[in-house]
Amino acid sequence: MRRLPALLPNHKATVFPLKTSHPLSARRCKEVGSHWKAALFRLLESRDMDEARRLFTRIPSPGVQLYTMMIVGYSRTNRIDEAFRLFDGMPVRDTAAWNSMIKAALDCGDLSLGRKLFDEMPERNVISWTTMINGLSRFGWIDAAEELFLRMPRRDTAAWNAMISAYCDNGRVKDARLLFEKTPQPNVISWTAMIGGHDQNGESDKALLLFHKLWSSGTTLTPSTFACVLTACANASELGLGTQLHSHTVRTGYSSDTFVSTSLVNLYAKCKQIEDSIQLFSERKERDVVSWTALITGYGLNDRHEDALDEFNKMIASGIRPNQSTFTSALNSCCGLEALDGGKKLHATTVKLGLELDVFVGNSLVVMYSKCGDVEDGLMLFDSMDRRNLVSWNSIIVGCAQNGYATLALKLFDDMRQINVQPDEITYTGLLTACSHSRMLERGRHIFHLLKHDSSVQVKLEHYVCMVDILGRCGNLEEAEEFIRNMPVEPNSKIWLALLGACRMHSNIEVARRTSKKVFDMEPDSSAAYVLLSNIYASAGRWNDVSQTRVMMRYRGITKVPGSSWITLKETRHEFVCGDRSHPMAMEIYKKLDWLGVKLKELGYVCDKTFALHDVDDEQKEAVLAHHSEKLAIAFGLISTVEGSTIRVMKNLRVCGDCHSAIKVISQVVGRRIVLRDATRFHHFRDGLCSCGDCW
């Protein structure tokens, strides 16, 4: 009598009475093999790779299918080296095994290994080619993907769909549409890919037009199609069509599909109907990570960031494991609350769950650190990323630009080009912003020249705004006017406001009058233009003009947004306005301000009264300037935080020149780093200097 090994740990082996002279029957071998396969499948599903490997080594003569299952399991847990060692030791490999190993390499971010395996494959099928096209697309190698597609000896509909998706995913939606029109036998997946491609490339209206054609064709739609179209409705703010589709999915039963219900939650949230999103979520009997993420994202879209983070915590408490998208949405809410401590807690959670190496989570963390004024940690995280995509580079370049590290932003751009990462519109916007904030005129001209001659990028209005801002900040106001007049596109009010802001900086009343007229012609009720013009007059001491401007504002019902600054400590936001005495610690705050005033004067600081925008005597001007909201917030921070720690303050308007000068000296007096985010950028004050180099 012969015994077979136990099928599972602690499982008693089945005893088969066999004659030693005869092998197992074919039927019995099949039964035993299916037992091994089922046991291995359960371990792989639970991602217990170590136990799966132990079981695998006990299987006598495992077949190609079991080897392939193990390779897929290793790829799902990002253990590509072990997957390859197993593949390399296979006694026999079929095409499916090669395809699985190629996909494993691509899924684990090893494009070079995936391409090497593809090139060495003894025999390829359509799946081999399609897998490689998908992989090249994922890494942004769209030209290589296109070349493979054209070389394919035979193409099925899945191959055409893969290339359509590749074009869409890499921003070449026109090429995708041309290919879609040429597809010999487009199926519902082809239509869905093209609809989604239009939508994800900012052409939601075209996506919906294509959907109407699909609907008229009588093609049977899938839940994926409805999910895709509902997303397009959300992005196009087409609530009417979205609600019609909602009713249809209820009738067809598709509304219970996870992705459809998630798209519905997203639709109502984006259309500012968040209560409907909450109701849809609450009606779900089973809540998974996808539905939770949709609600968390919806709260963020409606500026309910605290609710978003509360929902994230509920999800964790319920035992649902967050995915990359969940962390991205939660981190966005941390940005919305300027909650650096909360973001750091989320970072720790990603490490605990093994998601910190994921490129999407990494990108979101870089953005969170940058937007919360901790660009140094953002840089460290970026440097530690094993895999980076274009979003990674854009995130750190924009982060450096916003935080006053223009030289570093430009160096990162050079590094990016050296490894052949193609910049896009966001990259150039970040670079031009960096040049603007640091008054790098010639570098700004050079970047704009590169942009204009980059055939893969379309010059947009925001790029022209940045260039006008660069010229204006550098004092070239007339050149900026000429630049606007010669633009190939019609300038909007933002472009003229950028020039008007420069007029405020350089106290040029003549250009300011011409520029403000242009703004008022486009936006008669532009609060920003009236406030800038009033401030320009006030700085020049032209109080009659100030009075006339303010009368006009009152006549038109325009109000100036009051300046406020806030500091968040222990998840509590403390907000201040100029001269504010409502805070419970007001007495201590003003006592600290008085002490700072004495210290500042000892170091030679004299307040700049041109930033006191009221017609009062010098003593009153000095008192008003001393109690600006950012100074109150800093004083509160000094008395409420540990000695030597960084103080982080947020302000809703641009910091005034006097406060900027004063905070530089305060950082020197107290020996602490002060980070101030105003309406346009971050200022990092340390040892009497600011990261902006006084070029804000």
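The rules behind these values
Residues numbered from 1 in each chain as written. Predicted model: local features only at pLDDT ≥ 70, side-chain atom pairs only at ≥ 80, totals over all residues. Heavy atoms only, no water. Helix = DSSP H or I, 4+ residues; strand = E, 2+ residues; numbered from the N terminus. Buried < 20%, exposed > 50% of the residue type's maximum accessible area, 1.4 Å probe, protein only. Contact = heavy atoms within 4.5 Å. Areas by Shrake-Rupley, 256 points an atom, 1.4 Å probe, with all protein chains shown as cover. Lys, Arg positive; Asp, Glu negative; His and termini not counted. Charge placed at Lys NZ, Arg CZ, Asp CG, Glu CD. Axes fitted to C-alpha atoms, helices over the stretch in contact; angles between N-to-C directions. Parallel < 35°, antiparallel > 145°, perpendicular 65-115°, else oblique. Left-handed = near helix turned anticlockwise from the far one by under 90°. Polar contact = N/O pair within 3.5 Å; in protein donor to acceptor, adjacent residues only side chain to side chain. Phe/Tyr/Trp six-rings, centres within 6.5 Å; stacked < 30°, edge-to-face > 60°. pLDDT = per-residue confidence, 0-100. UniProt positions renumbered as here; feature names shortened; annotations may be inferred. Expected span 1.5 Å × (residues − 1). Arc of directions from axis to C-beta. Core = buried A, V, L, I, M, F, W, Y, C linked by side-chain atoms within 4.5 Å. Domains from an automatic or database assignment. Pairing = 2+ DSSP bridges. Nonpolar A, V, L, I, M, F, W, Y, C, P; charged D, E, K, R; others polar. Salt bridge = Lys/Arg side-chain N within 4 Å of Asp/Glu carboxyl O.

- The name given to the protein in an unreviewed UniProt entry is DYW domain-containing protein, with the source organism recorded as Musa balbisiana.

### A short note on the overall build of the protein
So, step 1. Within the protein, the regular secondary structure consists of 36 helices and eight strands.
So, step 2. Seen through its C-alpha atoms, the protein measures out along the principal axes to roughly 115 × 55 × 50 Å.
So, step 3. When burial is assessed residue by residue, the protein has 49% of its 696 residues classed as buried.
So, step 4. When contacts within the protein are restricted to residue pairs at least 6 apart in sequence, long-range pairs at least 24 apart make up 61% of them.
So, step 5. On the protein, roughly 34,100 Å² of surface is accessible, and the fraction owed to carbon and sulfur atoms is 52%.
So, step 6. Each charge class in the protein was averaged separately, 85 positive and 81 negative side chains, and the resulting centres sit 5 Å apart.

### Remarks on the packing of helix α30 (residues 509-522) against helix α31 (residues 527-539)
So, step 1. Relative to each other, α30 and α31 sit at 165°, their axes nearing to 10 Å. Of the possible angle classes, the one that applies to α30 and α31 is roughly antiparallel. Considering the relative orientation of α30 and α31, their crossing is left-handed. Together, Ile509, Ala512, Arg513, Ser516, Val519 and Phe520 of α30 and Ala529, Tyr530, Leu533, Ile536 and Tyr537 of α31 make up the contact between the two elements.

### Considerations on the environment of Ser640
So, step 1. By secondary structure assignment, the location of Ser640 is in helix α35 (residues 629-640).
So, step 2. Expressed as a C-alpha distance, the spacing of Ser640 and Met585, which sit 55 residues apart in the sequence, is 9.8 Å.
So, step 3. Setting aside its immediate chain neighbours within four residues, Ser640 contacts Leu569 and Met585.
So, step 4. Polar contacts involving the side chain of Ser640 include one to the main-chain carbonyl oxygen of Phe636, which spans 2.8 Å.

### What about the packing of aromatic side chains?
So, step 1. Applying the stated criterion to the full structure yields 16 aromatic pairs.
So, step 2. For the ring pair Phe87 and Trp98, a centre distance of 5.1 Å and an interplane angle of 80° mean the geometry is edge-to-face. With a gap of 11 residues between them, Phe87 in helix α4 (residues 80-88) and Trp98 in helix α5 (residues 95-107) connect regions that are remote in the sequence.
So, step 3. You can call Phe87 buried: its relative accessible area is 2%.
So, step 4. When the ring of Phe149 is compared with that of Trp160, the centres are 5.3 Å apart and the planes differ by 85°; the resulting orientation is edge-to-face. Here the residue Phe149 occupies a position in helix α8 (residues 142-151), and Trp160 occupies one in helix α9 (residues 157-169), the gap between them amounting to 11 residues.
So, step 5. Members of the aromatic cluster, joined through ring pairs, are Phe84, Phe87 and Trp98.

### Considering the confidence of the model for the protein
So, step 1. In the predicted model, the protein carries a mean pLDDT of 88, and 94% of its residues have values of at least 70.
So, step 2. Overall, residues 1-32 carries pLDDT values under 50, and its contacts beyond four positions in sequence, including any with other chains, amount to 26 contacts.

### What to know about the environment of Ile397
So, step 1. Along the chain, the position of Ile397 falls in helix α23 (residues 390-402).
So, step 2. With a relative accessible area of 1%, Ile397 lands in the buried category.
So, step 3. Spatially, the C-alpha atoms of Ile397 and Ala158 are 37 Å apart, while their sequence positions differ by 239 residues.
So, step 4. For Ile397, the residues in contact, after removing those within four places along its chain, are Ala409, Leu412, Phe413, Met416, Thr427, Gly430 and Leu431.

### Digging into the UniProt feature "repeat: PPR" (unreviewed entry) in the protein
So, step 1. Residues annotated by UniProt as "repeat: PPR" (unreviewed entry) correspond here to residues 63-93, 94-128, 156-190, 288-322, 358-388 and 389-423.
So, step 2. For the annotated span residues 63-93, helix accounts for 71% and strand for 0% of the residues, and the straight-line distance between the end C-alpha atoms is 10 Å.

### Side note on helix α18 (residues 305-317)
So, step 1. For α18, spanning 13 residues, the distance from its first C-alpha to its last is 18 Å, which sits close to the expected 18 Å at 1.5 Å a residue.
So, step 2. Every buried residue of α18 is accounted for by His305, Ala308, Leu309, Glu311, Phe312 and Met315. Across the axial projection of α18, the buried residues extend over an arc of 155°, all falling on one side. Counted as exposed and oriented over 90 degrees from the buried face of α18: Glu306 and Ala317.
So, step 3. Considering only its buried residues, α18 is in contact with α16 (274-283), α17 (289-301), α19 (324-336) and α20 (340-352).

### Observations concerning the nonpolar core
So, step 1. Counting 89 residues, the largest nonpolar core has Met368 and Ile447 as the members making the most contacts within it.
So, step 2. When residues of this core are assigned to their parent elements, the largest contribution, eight residues, is made by α31.
So, step 3. Split by domain, the residues of this core number at least three in each of domain 1 (390-459) and domain 2 (466-472 + 483-560).
So, step 4. Core analysis: the second largest hydrophobic core is formed by 84 residues, Ile59, Met90, Ala104 and Ala162 among them.

### As for α31
So, step 1. Over its 13 residues, α31 runs 18 Å from end to end, which matches the ideal 18 Å to within 8%, given 1.5 Å per residue.
So, step 2. Of all 13 residues in α31, 11 are buried, a share of seventy percent or more.
So, step 3. Of the residues making up α31, those classed as buried are Ala529, Tyr530, Val531, Leu532, Leu533, Ser534, Asn535, Ile536, Tyr537, Ala538 and Ser539.
So, step 4. Buried residues belonging to α31 abut α29 (493-506), α30 and α32 (543-555).

### With respect to the sheet that holds strand β5 (residues 647-651)
So, step 1. The strand order β4-β3-β5-β6-β7-β8 describes an open sheet built from six strands, whose pairing is mixed. Edge positions in the open sheet fall to β4 (572-577) and β8 (689-690), since each of these has one partner strand only.
So, step 2. Sitting on the sheet, helix α36 (residues 657-670) is in contact with β6 (674-677), β7 (682-686) and β8, with an inclination near 40° to β7.

### Quick notes on the side chain of His627
So, step 1. Turning to its location among the elements, His627 is positioned in the loop between α34 (618-626) and α35.
So, step 2. Excluding its chain neighbours within four sequence positions, the residues that come into contact with His627 are Val577, Cys578, Gly579, Arg581, Tyr590, Leu593 and Leu632.

### A word on the packing of helix α26 (residues 441-452) against helix α27 (residues 461-473)
So, step 1. It is the contact of α26 with α27, at a shortest axis distance of 10 Å, that shows an interaxial angle of 160°. Classified by the angle between their axes, α26 and α27 sit roughly antiparallel to one another. Handedness of the α26/α27 crossing: left-handed. For the pair α26 and α27, contact is made by Leu441, Gly444, Arg445, Phe448 and Leu451 and by His463, Tyr464, Met467, Ile470 and Leu471, respectively.
So, step 2. Looking at the contact of α26 with α27 residue by residue, the classes come out as seven nonpolar, two polar and one charged.

### Concerning the pattern of salt bridges
So, step 1. Within this structure, the stated rule accounts for 33 salt bridges.
So, step 2. One salt bridge connects Lys206 with Glu203, and the closest N-O pair in it is separated by 3.9 Å.
So, step 3. According to the relative accessible area criterion, Lys206 is partly exposed, its value standing at 44%.
So, step 4. Where salt bridges share partners, they join Asp143, Glu146, Arg172 and Asp175 into one cluster.

### A few points about the side chain of Asn302
So, step 1. Inspection of the secondary structure puts Asn302 in the loop between α17 and α18.
So, step 2. Overall, Asn302 belongs to the buried group, its relative accessible area being 16%.
So, step 3. Not counting chain neighbours up to four residues away, the residues in contact with Asn302 comprise Ala269, Lys272 and Ile274.

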